[in-house]
Protein chains: 2
Amino acid sequence: MPHTAPRLQQIEPFHVMRILAEAQALAAAGHDVIHLEVGEPDFPTPQPVIDAGIAALAQGNTFYTGACGLPALREAIAGFYADRLGVHIDPARIIVTPGASGALQLILALLVGRDDEVLLTDPGYPCNRHLVSLFEGRPINVPVNAANRFQLTPELIAQYSTPRTVATLLASPANPTGAILQQDEIAKLLEVCSQSHQQLIVDEIYQGLVYESAHETALAVSQELFVVNSFSKFFQMTGWRLGWLVAPDWALPELERLAQNLFLAPPTPAQHAALAAFSPETLAILESRRQELRARRNYLCDALDSLGLKLLAQPDGAFYLWLDCSPFAEDAEAFAAGLLQDEAVAITPGRDFGQHGTRQALRIAYSQPLPRLEEAVVRLSRYLQRYCTA
Amino acid sequence: MPHTAPRLQQIEPFHVMRILAEAQALAAAGHDVIHLEVGEPDFPTPQPVIDAGIAALAQGNTFYTGACGLPALREAIAGFYADRLGVHIDPARIIVTPGASGALQLILALLVGRDDEVLLTDPGYPCNRHLVSLFEGRPINVPVNAANRFQLTPELIAQYSTPRTVATLLASPANPTGAILQQDEIAKLLEVCSQSHQQLIVDEIYQGLVYESAHETALAVSQELFVVNSFSKFFQMTGWRLGWLVAPDWALPELERLAQNLFLAPPTPAQHAALAAFSPETLAILESRRQELRARRNYLCDALDSLGLKLLAQPDGAFYLWLDCSPFAEDAEAFAAGLLQDEAVAITPGRDFGQHGTRQALRIAYSQPLPRLEEAVVRLSRYLQRYCTA
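Rules used throughout
Residues numbered from 1 in each chain as written. Chains lettered and ligands numbered in written order. Predicted model: local features only at pLDDT ≥ 70, side-chain atom pairs only at ≥ 80, totals over all residues. Least-squares fit on C-alpha atoms with pLDDT ≥ 70 in both. Contact = placed C-beta atoms within 7 Å. Pairing = 2+ DSSP bridges. Helix = DSSP H or I, 4+ residues; strand = E, 2+ residues; numbered from the N terminus. Axes fitted to C-alpha atoms, helices over the stretch in contact; angles between N-to-C directions. Buried ≥ 20, exposed ≤ 12 C-beta atoms within 10 Å, placed from the backbone. Right-handed = clockwise from strand over helix to strand, strands pointing away. Left-handed = near helix turned anticlockwise from the far one by under 90°. Nonpolar A, V, L, I, M, F, W, Y, C, P; charged D, E, K, R; others polar.

Chemist: Before we go on, may I ask you to explain the relation of the copies chain B and chain A in this structure?
Modeler: Here the two chain copies are tied together by a rotation about an axis and a shift along that axis. Overlaying chain B with chain A gives an RMSD of 0.0 Å, the required rotation being 180° about an axis along which the chain moves by 0.0 Å. Here the symmetry operator amounts to a two-fold rotation axis. Residue by residue, 100% of the interface of chain B is reproduced at the interface of chain A, so both copies engage with the same surface.

In structure tokens:
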């Protein structure tokens, strides 16, 4: 085997990929697979956004934009913060990126040197810790659980920080739990980060997909932090690969330089399409879809509870449920594999999201229409009965 | 100033950015700026490709694809290698990426650990060495010149390799010189790389834009190397941000894992559009544009030669001329700044491409229609007369 970089050993494969491959094989063999494993709702991009993309292409808008994105889009994002979230952001502090992955890459490339440490929740979104390893930093996986609502606390940050800690990465709403942070909690977390001279990065890619509280941003707490956002989830533009970051002034020249070198520029058709993402027409569509997601969530929480599958976290945002399968199974991966094999329902075993309390946890995405969720519940019920008696 | 990663010191800003900013200011003030500084031709994406992108959007193709790209696109690229270049590549070895930048990121993340060395030409495309620094490797800038036609030789690779050298990165056609490598030269370079247990990476993003020889690929020499390619230049899809890589079998599982973590997936509308990039209709458009680029090149080479601006490298490919301004100026950056100020012609000073023989070199992109190039020559002639007498 030729020489490869040691970092590869830190970057685990997604266990769900085995589930996905098997789900595809089952579907190819004619089975009716219900997909509750993917972090992508079934909604296509709202029509006004698609129309704007088509219009841009028809006009021949196929050239590079600047590395930080179209000025008009940066202004439109600033307008969204002002109108919907009541926060005034200089558009110069908004950098448009190829997906939120691109935004996080830029921030980590800026902050993380060799063996520098970044605190993250365990469980949490796995790509985030892998991106820390990519830049030769050390992801510090801080165990979180129901007691702290699966979010970091000032005490945990203080406990896990060392002189090498350069940043703490939070997500609100979080994946896989749907847990959200309140503004006063973010203020306290920022305070402890500032005291220990680390940067706070807040992943807000599920912003807007909240069901119990108002739509908020950490930028209302302070502008001296990094925020990552995306057009993928709330705006339902997954395949377009477009996100953004908001950074403090001091970081902008270096982030722009990194963007030039890493990406050249974000995709042009997606940027023109995204200009329509903030129109009243699009926002009305997104609001009705948010209501639809809430209805799915409410249905599924009740139905799964009745089956004995209990929630581990309060699912206030995103479109995930984080569930305890310990009454039924020792090993969530075997449980998920069996569910797919026997009943053609695909879900994600907890192991993909970390090491802490994940072996008997499952993530279910409510990314299918209600009738499909009802069918999934029927199948799951049948599977549990068989599983329990076996 | 907060803590940032030491790698930032290795990543220089592009000097052309100052030129670009000034060119924009001049244009905003009503001046008619001729842009010969950007690595992007004036051609919009061919209409059949745009039409395919529009059709895909109209059909609602806005969801994620797999991390390695649409199977149909990977097969279409393999078909292109088979039909146009006579090389049979398993589509599984083709990974579609967000631009060639994405492809190179994946390969370097795989190969380059801390302080591992990668050989590159100096002068060469600056982002490439910056991406090596990004992953904590050491770019080794090997001086090349007219004697070796601005390409690496087996002797140079042997001379600059150390036990830490993990890869050599070539480009053919090269930026900024337009220099190309023959197949027998690539075979010899691969041999010396293999002997010293390093990987050979060949950047073919200007493949197809060749004017004196047949369209070729290093994959015809061997399949045990890495090739980076792009839909940007030959296929004229710059803003869509789509490229690909071809890798040896052993590297595929880890490259896929990296792609999942770094990008999730390449942009979906661009992938559907690119399916039309290999149609006879598109290829006919691209061939007529290649002829147009050749005519521009021939005109400009002769006209600049008459003015006393001599070519440093034989411009057999890409759309760049690498020129010697030493008869006129000590410092190409001052020369370029003056040309922009006095005559509103924007070109790139050599310094952006390296340290070796670049202080009195200029890159001119023949990325504008012939009448604009003729106007640029008139202005340049006036500037040189004034510059010489000053």
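So much for the structure itself; the text now carries on.
Chemist: Sorry, what's going on with the sheet that holds strand 13 (residues 361–365) of chain B here?
Modeler: Each strand in a sheet pairs with another by means of backbone hydrogen bonds, the pair being arranged parallel or else antiparallel. Residue and element names in this part refer to chain B. Read from one edge of the open sheet, four strands run 9-10-13-12, paired in antiparallel fashion. The open sheet is flanked by strand 9 (310–311) and strand 12 (348–349), the only strands paired with a single partner. For strand 10 (residues 320–324) and strand 13, the ladder comprises five bridges, and the chain directions are antiparallel. The partner of Tyr-320 across the bridge, within strand 13, is Ala-365. Most of the contacts of helix 10 (residues 280–307) go to strand 10, to which it runs at about 10°, and overall it touches strand 9 and strand 10.

Chemist: Would you explain the interface of chain B and chain A in this entry?
Modeler: Many descriptions give the size of an interface as the accessible area lost when the pieces come together. Counting from both sides, the interface comprises 59 residues of chain B and, opposite them, 59 residues of chain A. Among the elements of the structure, helix 2 (47–58), helix 4 (99–111), helix 5 (126–134), helix 8 (252–262) and helix 9 (268–274) of chain B are those that each provide at least two residues to the side of chain B that touches chain A.

Chemist: What is the right way to look at the pairing of strand 3 (residues 117–122) of chain B in this model?
Modeler: In summary, the side chains of a regular strand alternate between the two faces of the sheet. All names here are of chain B. Of all six residues that make up strand 3, six are buried, and the element is covered over most of its length. Neither face of strand 3 is open: one carries Glu-117, Leu-119 and Thr-121, the other Val-118, Leu-120 and Asp-122, and all of them are buried. Here strand 3 runs beside strand 4 (residues 138–143); their pairing, made up of six bridges, is parallel. Looking across to strand 4, one finds that Leu-120 is bridged to Asn-141. With respect to chirality, the unit in which strand 3 leads through helix 5 into the neighbouring parallel strand 4 is right-handed. Pairing between strand 3 and strand 5 (residues 165–171): three bridges, direction parallel. Bridging from a neighbouring strand, Val-118 pairs with Ala-167 of strand 5.

Chemist: Any chance you could explain the packing of helix 4 (residues 99–111) of chain A against helix 5 (residues 126–134) of chain A here in plain terms?
Modeler: Pairs of packed helices are described in terms of their axes, by the angle between the two and the distance that separates them. Residues and elements named next belong to chain A. Where helix 4 contacts helix 5, the axes come no closer than 10 Å and their chain directions differ by 35°. Judged by the twist between their axes, the crossing of helix 4 over helix 5 is right-handed. Here Ser-101, Leu-104, Gln-105 and Leu-108 of helix 4 lie close against helix 5, whose contacting residues are Cys-127, Asn-128, Leu-131 and Val-132. Grouping the amino acids of the contact of helix 4 with helix 5 by side-chain chemistry returns five nonpolar, three polar and no charged.

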